[in-house]
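Secondary and tertiary structure notes
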Amino acid sequence: MAIQHAVLALLARGPSYGYELKSAFEAAVGPQWGPLNIGHLYQILDRLSRDGLVVAERQAQPVKPDRVVYEITPEGRTELDRWLAEPSPRSGGFRDDFFLKVTAAARSGEAATVRTVLGNQRGHLMRELRNLDGLRRRADDPVVRLLLSAASRHVEADLAFVDDAESALLADGGAVLDTLAAGGSGTAAPAEGAGPARAAG
């Protein structure tokens with residue numbers, strides 16, 4: 001999982017403890033990721049420790065409870081190097097809730113349902129794009145700006161899919177939806193004057 005490797009990368013800069021790692025992670029990746037749950041972080045640190053990728057040392061404090069400081073091991077550095085050297089496949093593949101929603105709407109055969117699903121998604125994505133753009137313009141860290149720009153490009157790709165779905169499903173007067181509702185594949189010959197039908201994905 002990517003977060004455990006991000007934690008290793010933070011520890012490669014020097015020993016640290018839970019709340020310091022949480023703050024460093026959130027500052028490094030920027031606001032588009034959202035806050036890192038401290039309980040989840042400690043679960044990751046426990047797993048890294050069990051796997052021998054970090055070592056934990058309990059340090060006494062004068063007033064506050066003891067603090068557990070984590071340090072990366074040579075095995076942890078080897079694992080971090082391995083992770084950095086490999087390409088990153090999409091974590092969820094192409095399994096997406098919206099893809100399933102488009103499938104259900106298209107196979108209902110109802111143009112109004114398709115328009116509602118696509119219109120709602122387009123509005124949501126446009127709001128997300130505006131939010132990311134505002135965050136990017138306010139970001140001081142060049143890496144955070146880069147990550148926010150990457151997030152925007154993902155949203156733009158999703159918007160392009162909405163446009164593709166609208167073109168494929170609604171541009172032919174309902175012929176594709178009728179075929180889908182009847183149990184066909186949606187690849188029947190187009191009506192005269194219509195362009196070729198494209199699968200919605």
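Scanning the protein from N- to C-terminus turns up eight helices and three strands. In the protein, the succession of α and β elements from N to C terminus is α-β-α-α-β-β-α-α-α-α-α. By residue count, 30% of the 201 residues in the protein fall in the buried class. Taking all contacts inside the protein whose residues are at least 6 apart in sequence as the whole, residues at least 24 apart take part in 57%. With the model as given, the accessible surface of the protein reaches about 12,700 Å², and the carbon-plus-sulfur share is 53%.

Bringing the environment of L170 into the picture now. Within the secondary structure, L170 sits in helix α7 (residues 142–170). Using a relative accessible area of 18% as the deciding quantity, one classes L170 as buried. Considered as a pair, L170 and A111 are 59 residues apart in the sequence and their alpha carbons are 6.9 Å apart. Once residues lying within four places of it in the same chain are set aside, the contact partners of L170 are A111, V114, R115, L118, A165 and L177.

So, on to the sheet that holds strand β2 (residues 54–59). Judged by pairing direction, the sheet is antiparallel, and its three strands sit side by side in the order β1-β3-β2 without closing on themselves. Among the strands making up the open sheet, the edge pair consists of β1 (16–17) and β2. Sheet topology note: the β2/strand β3 (residues 67–72) ladder contains six bridges and is antiparallel. Opposite A56, over in β3, you have Y70 as the bridge partner.

For Q4, the location among the structural elements is in helix α1 (residues 2–11). According to the relative accessible area criterion, Q4 is buried, its value standing at 8%. In this structure, Q4 is in contact with I44, R47 and L48, ignoring residues within four places of it in sequence.

Another point: the pairing of β3. Bridge count for β1 against β3 is two bridges, and the pairing is antiparallel. Across the sheet, Y17 pairs through a bridge with V69, a residue of β3.

Attention now moves to the pattern of salt bridges. Pairing is possible between side chains of opposite charge, provided their charged atoms come close. Scanning all chains against the criterion turns up nine salt bridges. When the shortest N-O distance is used, the salt bridge between R122 and D163 registers 2.9 Å. With R122 in helix α6 (residues 111–138) and D163 in helix α7, this residue pair connects regions lying 41 residues apart in the sequence. Overall, the relative accessible area of 41% leaves D163 in the partly exposed class. Sharing partners across several salt bridges, the network here consists of E79, R82 and E86.

What follows concerns the packing of aromatic side chains. If you walk through the whole model with that rule in mind, you get three aromatic pairs. Between the aromatic rings of F98 and F161, the centroid separation amounts to 5.8 Å while the plane-to-plane angle is 90°, which identifies the pairing as edge-to-face. Note that F98 is positioned in helix α5 (residues 97–108) and F161 in helix α7, a separation of 63 residues in sequence. For the pair F98 and F161, one class covers both residues: buried.

Below, the discussion takes up α1. Across the 10 residues that make up α1, a large majority, seven, are buried. Within α1, the full set of buried residues consists of I3, Q4, H5, V7, L8, L10 and L11. Elements that come into contact with the buried residues of α1 comprise β1, α2 (18–29), α3 (38–50), β2, β3 and α4 (74–85).

Here is what the cut-offs are and how they apply
- Residues numbered from 1 in each chain as written.
- Predicted model: local features only at pLDDT ≥ 70, side-chain atom pairs only at ≥ 80, totals over all residues.
- Heavy atoms only, no water.
- Helix = DSSP H or I, 4+ residues; strand = E, 2+ residues; numbered from the N terminus.
- Buried < 20%, exposed > 50% of the residue type's maximum accessible area, 1.4 Å probe, protein only.
- Contact = heavy atoms within 4.5 Å.
- Areas by Shrake-Rupley, 256 points an atom, 1.4 Å probe, with all protein chains shown as cover.
- Pairing = 2+ DSSP bridges.
- Salt bridge = Lys/Arg side-chain N within 4 Å of Asp/Glu carboxyl O.
- Phe/Tyr/Trp six-rings, centres within 6.5 Å; stacked < 30°, edge-to-face > 60°.

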